[in-house]
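# Descriptive analysis of the structure
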Amino acid sequence: MNTLKIGLLSFAHTHAETYAALLRDRADVELVTCDPGPHAPGELRGAEAAAAWGVEHVATVAELLARGLDAVVVASENARHRELVEQALDAGCHVLCEKPLATSRDDAAAMRAAVERSGRFLMVAYPVRFSSAFGQLRDQVAGGRLGQLLSVRGANNGKLPTSRSWFTDPALAGGGALVDHVVHLADLLDVLTGGAQALTVSAVGNQLLHPDAAAETAGLVAITYPDGLVVTIDCSWSKPESAPSWGGLSLTAAGTGGTVSVYVFGSKVRGLESSSGLPVELAYGPDLDEAMLDTFLGAVRSGSAPQPDLEVGARTLSVVLAAQESYRTGETVAVRPV
Amino acid sequence: MSTTPDARPLRIGLVGAGGIAECHLPHLARLGAEVVVFSEAGAEELVARHGTGRVVGSLDELLDAVDVVDVITPTPTHTAVVTRALEAGKDVICEKPMARTADDAAALADLAERLGRRLYPAHVVRYFPEYAALHAAVARGDLGDLAVLRFTRSGAYPTRTPWFADVEASGGIILDQMVHDIDIATWLAGPVVSVSAVSTHSADGAAEPAAAAHVLLTHAGGAVSQVNGFWGPAHLQFTTSFSVTGTAGSLEHSSAAERAVVTDLAAAGDGAGALVPDTDPLDDPYFLELRELVEALRSAPGDGATPRTPRITAREGAEAVRVANAAIEAARTGTTVHLTEQGARA
């Protein structure tokens, strides 16, 4: 098997370290990275980070793209996806773009145009759909075991992200908890509905748990889909900093045939820490990022566009934008497709 | 507080003999009540099944024979029955929801107040030990200021009597089932200022009907609540869960995860799901509820006993009905319903 030349653009997202390590350790990948900055003070970034992770780093995006790469992974701040994605596509690279696809309609439209003119594909980094647990639910829904699917309720709760300051800067993140955690469940809904466009969204939220944050840190969202499906998502950063693990993602699907509950990241070895009495949780299970990268790299080899593609990213972004509008106005809003 | 057994006779009239009577009659008997039962159907069978109670042929006859009336008729009849009982000078316990509409529920609370009678809506979930423990923790301040609350309730679609699923009659899943958690959310996080909701139903002709709804509440203090309800196929086990997070901590519970007995046996019986949750007979919430309400009714100020206040009031029952109806309207119109403070908790 010939070696794939893969670039990693930006270390802004915490997942960049995971991608760097997974790609570095693959025998079929030659990895080059570039973390152009600007970098927030006190965060391990750029050449220093690359050295710590044992990966090659170049100074500029142009230099990286001049390497004749097969594909690029973009892990920049949410609001900076567009500029790097456009450059990578125009340089002839397939792209794996960290979620959410973008933070605005305009950016998503520009990225769609770049995909179309380049003839390259864009995959959105939604790892949860690659979990076996969710796969069972997907197969049960597709096989009719749930009958008519009526209800899905999901929760994707985590800690206030603090390891990178931009996560809580609405200008760079595109918002708060609504943009960060609605999209994973919206992606799973996209799978379960076969790519249906959401119809209406109501969202409520607050900043009570983190009064100093610049955007909402708690959010509850209710969504209607075609064919009588109603969905609700808790996207709150409601895990305290002292919690033994980062959080998790669960969903329960209900239909005329019954209910199925899925706990992704839910399997843990549990115990207590003797001196404090605090709980200890050791999460275990397959690395979903690895499964997602497998799919991406396989598609780069074959040249056929993988899922979730840009349109999934656009549909899930349309739910986020509607939720943000509903939270802002206090009214239920119709979803405008992106 | 006196612990001497109350020597006065306790005469309670049970109006209605449907499914929920199984959760009332035996507990009233255990409290030492002389129970008089009136129902348009099923009264004789109910009394025979439990070996307790005396059946009468009319509501008037019942009202003549008792001091307290326990109303467990279908929701759309609550207003008429409770009004007659209050006007006959009786104190009343009424199954939830207190009435079908917000106006009717408020009118019942007003009427009780005007007549100087007590009216206690039977919101039994306040007596389930896990919800009582949650409320106690919140009241102690263990969780700080509440921020995000989630509640789920899932069980078999009520097919035994048609009025349950008839939205006009019962208010459907939101008023019949989810009013429990709407009440708990309000009990914990205070008055609700806005409501949005989505609801759905299986297609006509489904072999086993199903219904689902999700309700979002914003409380006056800024906390937000999510209430999820599902009525599914007959095999569905009754399960509930909550997850409540505040500035100082969080508490969560899942009835499915906290089962005291886990079995893996060949299927027995018809495997039908239950309409009410499994409860521990030693700590039965329906008994705890009726005991507290009856004790409160028997401790009227001025009669020498220590007056007791139960954990639920008619105003709170009416507020749960108001918020649930706002959710029904939100789901029907696809809009967010903003509530005034007018009906907020006293």
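Quick caveat, the model's predicted, so the values are computed rather than measured.

Per the secondary structure count, chain A includes 10 helices and 15 strands. Taking 338 residues into account, the globule formula puts the C-alpha radius of gyration at 20 Å, and chain A, at 20 Å, falls close to it. The principal-axis extent of the C-alpha atoms belonging to chain A is close to 55 × 55 × 40 Å. Buried residues in chain A amount to 56% of all 338 residues. Restricting the contact set of chain A to residue pairs at least 6 apart, pairs at least 24 apart contribute 72%. Carbon and sulfur atoms provide 50% of the accessible area of chain A, an area that totals close to 12,800 Å².

For the rest of this paragraph, the subject is the overall build of chain B. Counting its secondary structure elements, chain B contains 11 helices and 13 strands. On C-alpha atoms alone, chain B measures out to a radius of gyration of 20 Å, which is about the 20 Å that the 2.2 N^0.38 rule sets for 346 residues. Here chain B, with 346 residues, has 53% of them falling under the buried criterion. For chain B, contacts bridging at least 24 residues in sequence account for 68% of all contacts bridging at least 6. Surface summary for chain B: the accessible area is close to 14,600 Å², and the carbon and sulfur share equals 52%.

Here helix H6 (residues 129–140) of chain B spans 16 Å end to end across 12 residues, near enough to the 16 Å set by a 1.5 Å rise per residue. Against strand S7 (146–156), helix H9 (179–189), strand S11 (239–246) and strand S12 (249–254) of chain B lie the buried residues of H6(B).

All right, on to the domain arrangement of chain A then. Residue and element names in this part refer to chain A. Here chain A is described as being made up of domain 1 (4–125) and domain 2 (128–286 + 317–334). Here domain 1 and domain 2 have C-alpha centroids that lie 25 Å from each other. On the side of domain 2, 16 residues touch domain 1, which itself brings 21 residues to the contact. Approximately 1,500 Å² of surface area, both sides summed, lies buried where domain 1 meets domain 2, with 60% of it carried by carbon and sulfur atoms. Looking at the side of domain 1 facing domain 2, the largest losses of area belong to Thr14, Glu43 and Lys99, adding up to 30% of the total buried there. Inspection of the domain 1/domain 2 interface yields one salt bridge. At the boundary of domain 1 and domain 2, one finds nine residue pairs in polar contact (both at pLDDT 80 or more). Of the residues assigned to the side of domain 1 that touches domain 2, the class counts are nine nonpolar, six polar and six charged.

Here we come to the interface of chain B and chain A. In this assembly, 41 residues from chain B lie in contact with 38 residues from chain A. It is B:Val198, B:His214 and B:Leu216 in chain B that bury the most area against chain A; as a group they hold 19% of the surface buried on that side. Counting across the interface, chain B meets chain A through one salt bridge. Among the salt bridges present, the one from B:Arg150 reaches A:Asp234, with a minimum N-O distance of 2.5 Å. Counting the contacts that link chain B with chain A gives 12 residue pairs in polar contact (both at pLDDT 80 or more).

All names here are of chain A. As for its position among the elements, Ala52 is in helix H2 (residues 46–53). What makes Ala52 exposed here is its relative accessible area of 54%. Ala52 sits 284 residues away from Arg336 along the chain, and the two C-alpha atoms are 44 Å apart.

This paragraph deals with the pairing of strand S7 (residues 149–158) of chain A. Residues and elements named next belong to chain A. Buried residues dominate S7, accounting for nine of its 10 residues. As paired elements, S7 and strand S11 (residues 247–255) share nine bridges and run antiparallel to each other. Counted as the bridge partner of Leu149 is Gly255 from S11. In terms of strand pairing, S7 meets strand S10 (residues 229–234) through five bridges, oriented parallel. Along S10, the bridge assignment pairs Arg153 with Thr232.

In terms of nonpolar packing, the biggest core is built from 74 residues, with A:Leu122 and A:Leu137 touching the most fellow members. For this core, the domains that each give at least three residues are domain 1 (4–125) and domain 2 (128–286 + 317–334) of chain A. B:Leu86, B:Phe128, B:Leu217 and B:Val227 belong to the second-largest nonpolar core, a separate cluster that totals 73 residues.

This part takes up the pattern of salt bridges. A side chain with one charge may pair with a side chain of the opposite charge, provided their charged atoms come close. Residue and element names in this part refer to chain A. All chains considered together, the criterion is met by 33 salt bridges over all chains. With its nearest N and O atoms 2.8 Å apart, the salt bridge here joins Arg112 to Glu311. Of this pair, Arg112 sits in helix H5 (residues 105–118) while Glu311 sits in helix H10 (residues 310–329), and the two are 199 residues apart along the sequence. Its relative accessible area of 31% is what places Glu311 among the partly exposed residues. Measuring nitrogen to oxygen at the nearest pair gives 2.8 Å for the salt bridge that ties Arg315 to Asp190.

The next thing to look at is the sheet that holds strand S3 (residues 54–55) of chain B. Residues and elements named next belong to chain B. The strand order across the open sheet formed by six strands is S3-S2-S1-S4-S5-S6, and the pairing between neighbours is parallel. Looking at the sheet topology across the chains shown, the edges are occupied by S3 and strand S6 (119–122). Strand direction decides the pairing type here: strand S1 (residues 11–15) and strand S4 (residues 68–71), joined by four bridges, are parallel. Within the sheet, the bridge partner assigned to Val15 lies in S4 and is Val71. With respect to the sheet, helix H10 (residues 285–297) is in contact with S1, S4, strand S5 (91–95) and S6, its orientation differing from that of S5 by roughly 160 degrees.

In this section: unusual backbone geometry. All names here are of chain A. The omega torsion across Lys99 and Pro100 is -15 degrees, close enough to zero to call that bond cis. Structurally, the position occupied by Pro100 is in the loop between strand S5 (94–98) and H5. The step from Gln307 to Pro308 runs through a cis peptide bond, and the omega angle for that step is 0 degrees. One can find Pro308 in the loop between helix H9 (288–302) and H10. The residue Ser10 is not glycine, and still its phi comes out positive at about 80 degrees. By secondary structure assignment, the location of Ser10 is in the loop between strand S1 (4–9) and helix H1 (15–24).

Below, the discussion takes up the packing of helix H8 (residues 177–192) of chain A against H10(A). Residue and element names in this part refer to chain A. At their nearest, the axes of H8 and H10 sit 9 Å apart, and the two run at 135 degrees to each other. As judged from the angle between their axes, H8 and H10 are oblique. Crossing hand, H8 versus H10: right-handed. For the pair H8 and H10, contact is made by Leu178, Val179, Val182, Val183, Ala186, Asp187 and Asp190 and by Val312, Arg315, Thr316, Val319, Val320, Ala323, Gln324 and Tyr327, respectively.

Calculation notes
- Residues numbered from 1 in each chain as written.
- Chains lettered and ligands numbered in written order.
- Predicted model: local features only at pLDDT ≥ 70, side-chain atom pairs only at ≥ 80, totals over all residues.
- Heavy atoms only, no water.
- Helix = DSSP H or I, 4+ residues; strand = E, 2+ residues; numbered from the N terminus.
- Rg over C-alpha atoms; globule rule 2.2 N^0.38 Å.
- Buried < 20%, exposed > 50% of the residue type's maximum accessible area, 1.4 Å probe, protein only.
- Contact = heavy atoms within 4.5 Å.
- Areas by Shrake-Rupley, 256 points an atom, 1.4 Å probe, with all protein chains shown as cover.
- Expected span 1.5 Å × (residues − 1).
- Domains from an automatic or database assignment.
- Buried area = accessible area lost by both parts, 1.4 Å probe.
- Salt bridge = Lys/Arg side-chain N within 4 Å of Asp/Glu carboxyl O.
- Polar contact = N/O pair within 3.5 Å; in protein donor to acceptor, adjacent residues only side chain to side chain.
- Nonpolar A, V, L, I, M, F, W, Y, C, P; charged D, E, K, R; others polar.
- Pairing = 2+ DSSP bridges.
- Core = buried A, V, L, I, M, F, W, Y, C linked by side-chain atoms within 4.5 Å.
- Axes fitted to C-alpha atoms, helices over the stretch in contact; angles between N-to-C directions.
- Parallel < 35°, antiparallel > 145°, perpendicular 65-115°, else oblique.
- Left-handed = near helix turned anticlockwise from the far one by under 90°.

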